[in-house]
Every structure is written in C-alpha cells, then in structure tokens.
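# Structural overview for review
Here is how the chains run, residue by residue.
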Amino acid sequence: LLWVIPLGIYLLTFILVFAKRQLIPHRWMVWAMPFAVVTLVIMLARMDLKAQAFSVLAAPIAMHFAGLFIVAMFCHGELAKDRPTVAHLTEFFLWISVGGVLGGMFNALLAPVIFPTVIEYPVTLLLACALMPNLGSKTTNGRTRILDVVLPVLLGLFTAGLIYVLEHAKINSPKFLLVLECVPPAAVCLLFLRRPLRFALGVLVMLVATTAALRPEFHNALVARSFFGIYRVELNPDLPYIHMLRHGTTWHAMQSLDPKERRIPLLFYTKRGPGGQTITSLPPELKQRVALIGLGAGTLASYAEPGQHWTFYEIDPEIQRIACDPRYFTYMQDCLGDAKIVLGDARLSLHDAPDHQFGLLVVDAYNSDTIPLHLLTREALALYLQKLTPSGVILLNISNRHLDIEPVLANLAQDAGLLGMIRYDPVTFEEFQGGKAASWWVVLTRNAPWLNYLAQDKRWSPLQKKPGVGLWTDDFTSVFSVFHWK
C-alpha cells in the first residue's frame, strides 16, 4: 500500500536535481540534511512498536518520507554537481543505473541474510552524513583527527548517562521525558556538522547509546530475519515462563514453558476463542485430514488428536525453523497427530494435494500490517473448495489492525454459494494477563446442519457486506475500501 510513495519521492528527487532550473537550491538540502538525519535517528531509537492505529502512525511515516526526500535530494544533488560534460553523460548515467541495480540487489537479497534487523536504514543515513561536504575549515591535522573520534565517544557516554539518570527520575510526563533525553544530545551532535566524519560518528554513537541505555520491554531469545520480515522470540520479564513470537509489531504465538501447560494454546487460539470453539465442535470425520495455511509457532497443532493428519503450508523457511526448535516452541514436537510442513506458497502447494480430502482448512496467514491478498480472492476460494470434502469447513483468522476483511469474505461467500458467520472475541485485562488476545474469526461452509449448531452461540453472527467493497479476484483487489483510517 505504501511502497510506491518512497519510490515516487526517490524518482522525484532525480527530476528536481537534474532539471535545467533548480527549484530547490542544493545548499538548502546540505544544511537541512543533518537536522533531518538527527530527527530520524531519534525516531528509530525510540520507535514505539505498540503503536497500532494508522492515525498514530501517520505522523512518523510522514516524517520518514520527508527525511527520505531531504537525504535523496542531498545525495542526488551531489551527483548532479559532479556530472561530466555532454560527451561523457551516457557513461555517467550508465554507472548510476548500475549503482541502482547493485543497491536494489543488496537490499532485497543480501541485507535479509547478513543483517538480523533492518540495520541498512540507519547505516544509509550514517553514510549520507559521512558524504557531506566539509562546511568548516578544510585544514586537518593530528589534533582534529583525534577530536573526530574522541568527541563522538564523549557524546555517546553523555547520552547514555543522561538517559539512565532520567529513566530513574520521577518524571510523570513521557513527552517531557523524551524531550529531556533527546534534545541535549541532538544539539551537541549538530555542533559537529562542520566535520562530516565527526558528525557521522556522533550520529552513530547517539543511536547506539540511546538504544543501549533504554531497558528493553522484552528479552530476545532469538532475532531472525528473512525476506518476509523480522522475527523475535521474546521472553517477558514479568512472565518469565512465557515465550512469544513477534513478527514485526505483532505477537503471532505464545507458549508456556511449564511442561504441564505447554500444550495449552494461547493468544488467538485459546480453546474458548472462536478458533478453538470451531475446531473442537467439528465432527471427528471432518478432522481426520486438516490443512492449515500459515504455521506461526505451530500453536494449532495442539488441537490435533491421535490418528489425525494435519498439513501446514508455510512460505517462510525461517518460521519452520523457529516452530520446530524446542528451545523456543514445542507445539509441533508435542503434536499428538501426524503433522507435516509443506514449504512454499500455499496457492501453489495446494494444487498438488488430492481433491476433496480435507474436512477443515484453516487460513491463518495474516499479520497486523499486511495480508497476502492472493489468499482472499474468488480463485483462491475455488481452490480451497476443490480440496475440501463437500461438508468441509473453511476457518479464517482475520484478526488485523488495519483492514476490515469481513465484507470481502461476505462477497466471496455469496459468490460461491457458501454460508458464513463471524465471531469477535474480545479480551479482558485478566484474560490478557493469562495469555489470551482479542481476535476475529470467520467460518465458511456448505455444511448447514453444523453451522446451525454453531449459530446457537449468540456470539456468532452472519457476515455483513459493506458498500464500496467489490468482489476480490486475482485481477482486482482494493485495500483502500477496507482500510481502517482511524
């Protein structure tokens, strides 16, 4: 939804700096970039992963876009200043294109492998600072070189000490505390901007010191990264017997480390929740063969019974490694049924499964920020029905911060001639402390007798349509029509 905006900003800066008439003087960007970088570094160090509503995220996103514009204008402006005569312009732009290809390959292929988190973003900001022109005296001697290193180190010590003292002070205003912790180090760092190396090192130590001085909310037992994002297996210091799997900003699984309780499904999958209620209420013959799109930590494997065959379709090998490592989660290891994992895109992998063999198909491949749209189209639903028995059930976890999937499924159900119901499962504070999370679940089926039995629970209600939400197909989806803007 948002990736096209930074791409547009990036291309716009090329247009502006290589235009015949400069609309924005380059010297403005040279002076503006240090302030933009320092602001972005503070935001990165103090990033609030718990921010949920788009209205809360809109301001930080806009600031990152503004920072991208300023930094790109500076870097491309330096390129434009350095362009050769007309006779060599072809070679000049060829090498710019080669650099773009290499940069894209680095970000898409190398960075997810060599970096555990998105380190390339702050590294890029630091390199931009190091490439700044020397705004002060060009005279360099041994003393200035030493100061280029010593002063940033002192800034780092000052930043860490200041944060440590303020975090233990009794300041009740979080915003005022943030100002006290960030403004003094940022002001000192900006005093270094006449020496590019000194300024870049100052930004680096400020970022490191700020991150190191803040007490993490959770202890990371594992940090792993793949093409699909960053995964953390976290241990809550307040609940040291609980492991949690976080993908991006969302918890996807939670498990007790107590041997007596580790087979109990938690978070979205509790037995009293919609998902657990659906699975346990199904006739035994519909649970002999179960397909699940999305593995997570394998929590749903705790519902498998002896003699049943459960097949998990998972696209990310990193998730498989986490779910199958007993140091982090044991749901797959403790599964009472026959559970196997098929790696690959579910739409492709399901084609190889025999038709009409599954009594239950669970779609649980969404997270708080994005959904794989190709799993919510008319063609995807047709594939699911092809693999289900005539009385089979499709169970979908549509818990999501930003998208309202219910009207999409209402239209798909009507188009396919299916019956559908939805249940929202809220959570109290006491339940949350016990490991339960609020969730939305939907069931789709042609099995009217079973659905009528489920509908006796008044917490379930028929799917509701929404004006403006069309029928999603492989050729048409509209995220804007189901986006939560507040």
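Everything that follows concerns the structure shown earlier in this document.
Being a predicted model, the structure only gives us computed values, none of them experimental.

Moving on to the overall build of the chain. Along its length, the chain carries 15 helices and 12 strands. Structurally, the chain occupies a C-alpha span of about 85 × 60 × 35 Å along its principal axes. Out of the 486 residues belonging to the chain, those deemed buried represent 47%. The long-range share in the chain, meaning contacts at least 24 apart out of those at least 6 apart in sequence, stands at 71%. Per element, the accessible surface of the chain, about 24,800 Å² overall, is 64% carbon and sulfur. One way to put it: in the chain the 41 positive side-chain charges average out to a point 8 Å from where the 36 negative ones average out.

A few words now on the sheet that holds strand S10 (residues 419–425). Spatial ordering of the open sheet is given by S7-S6-S5-S8-S9-S11-S10-S12, a layout of 8 strands whose pairing is mixed. Taken across any chain shown, the strands that pair with only one partner, and hence form the sheet edges, are strand S7 (338–343) and strand S12 (460–462). If you compare each strand with its neighbour and ignore which way they point, the axes differ by 20 degrees on average. Alignment of strand S8 (residues 358–363) against strand S9 (residues 388–397), held across 5 bridges, turns out to be parallel. Of the residues in S9, the one forming a bridge with Val-363 is Leu-396. On top of the sheet, helix H13 (residues 406–416) reaches S9, S10, strand S11 (439–445) and S12; it is set at about 0 degrees to S11, its chief contact.

Attention shifts here to the packing of helix H2 (residues 26–45) against helix H5 (residues 120–130). Taken N-terminus to C-terminus, the directions of H2 and H5 make an angle of 155 degrees; their axes are 11 Å apart at the nearest point. Taken together, the axes of H2 and H5 lie roughly antiparallel to each other. Crossing of H2 against H5: the hand is left-handed. For the pair H2 and H5, the contacting residues are Met-33, Val-37, Leu-40 and Leu-44 in the first and Tyr-121, Pro-122, Leu-125, Ala-128 and Cys-129 in the second. When grouped by side-chain class, the residues that make up the contact of H2 with H5 number 9 nonpolar, no polar and no charged.

What follows concerns a nonpolar patch on the surface. Judged by side-chain polarity, Leu-94, Trp-95, Val-98, Val-101, Leu-102, Met-105, Phe-106, Leu-109, Leu-110, Val-113 and Ile-114 come together as a nonpolar surface patch covering roughly 1,100 Å² of accessible area. Topologically, Leu-102 is positioned in helix H4 (residues 89–114).

Counting through the fold element by element, Pro-284 comes out in the loop between helix H9 (274–281) and strand S5 (289–293). The class of Pro-284 is exposed, set by a relative accessible area of 56%. Remark: the alpha-carbon pair of Pro-284 and Gln-308, spanning 24 residues in sequence, is separated by 9.3 Å.

On to the side chain of Lys-287. Residue position: Lys-287 is located in the loop between H9 and S5. The charged side chain of Lys-287 is buried without a salt bridge, its nearest counter-charge being Glu-305 at 4.0 Å. At 3.1 Å, the side chain of Lys-287 and the backbone oxygen of Ile-279 are in polar contact. Sequence-distant contacts of Lys-287, that is, excluding residues within four places in its chain, are made with Ile-279, Thr-280, Leu-282, Glu-305, Gln-308 and Trp-310.

Here we come to the nonpolar core. Of all hydrophobic cores here, the largest spans 48 residues; its most connected members are Leu-245, Leu-300, Trp-310, Phe-312, Phe-329, Leu-360 and Val-443. Every residue in contact with Phe-329, bar those within four places of it in the chain, is listed here: Val-233, His-243, Met-244, Leu-245, Ala-253, Gln-255, Ala-297, Ile-322 and Ala-323. Ranked by size, the runner-up nonpolar core spans 38 residues in total, among them Tyr-313, Ile-405, Val-408 and Leu-409.

We now examine the packing of H2 against helix H7 (residues 174–190). Relative orientation of the contacting elements H2 and H7 amounts to 145 degrees, with a least axis distance of 11 Å. Between H2 and H7 lies a crossing of right-handed hand. Of H7, the residues touching H2 (which contributes Pro-34, Phe-35, Val-38 and Ile-42) are Cys-182, Ala-186 and Leu-190. Residues of the contact of H2 with H7, tallied by class, amount to 7 nonpolar, no polar and no charged.

What follows deals with H9. Turn by turn, an α-helix covers 3.6 residues, leaving residues three or four places apart pointing in a common direction. Burial analysis of H9 places 7 of its 8 residues in the buried class, the great majority of the element. Every buried residue of H9 is accounted for by Pro-274, Gly-275, Gly-276, Gln-277, Thr-278, Ile-279 and Ser-281.

So, on to the pattern of salt bridges. Tallying each qualifying case throughout the model produces 15 salt bridges. With a closest N to O distance of 3.7 Å, Glu-431 and Lys-436 form a salt bridge. One network of salt bridges, in which partners are shared, links Arg-423, Asp-425, Glu-431 and Lys-436.

Rules of the game
- Residues numbered from 1 in each chain as written.
- Predicted model: local features only at pLDDT ≥ 70, side-chain atom pairs only at ≥ 80, totals over all residues.
- Heavy atoms only, no water.
- Helix = DSSP H or I, 4+ residues; strand = E, 2+ residues; numbered from the N terminus.
- Buried < 20%, exposed > 50% of the residue type's maximum accessible area, 1.4 Å probe, protein only.
- Contact = heavy atoms within 4.5 Å.
- Areas by Shrake-Rupley, 256 points an atom, 1.4 Å probe, with all protein chains shown as cover.
- Lys, Arg positive; Asp, Glu negative; His and termini not counted.
- Charge placed at Lys NZ, Arg CZ, Asp CG, Glu CD.
- Pairing = 2+ DSSP bridges.
- Axes fitted to C-alpha atoms, helices over the stretch in contact; angles between N-to-C directions.
- Parallel < 35°, antiparallel > 145°, perpendicular 65-115°, else oblique.
- Left-handed = near helix turned anticlockwise from the far one by under 90°.
- Nonpolar A, V, L, I, M, F, W, Y, C, P; charged D, E, K, R; others polar.
- Patch = residues over 30% accessible without salt bridge, like charges linked within 9 Å, V, L, I, M, F, W, Y side chains within 5 Å.
- Salt bridge = Lys/Arg side-chain N within 4 Å of Asp/Glu carboxyl O.
- Polar contact = N/O pair within 3.5 Å; in protein donor to acceptor, adjacent residues only side chain to side chain.
- Core = buried A, V, L, I, M, F, W, Y, C linked by side-chain atoms within 4.5 Å.

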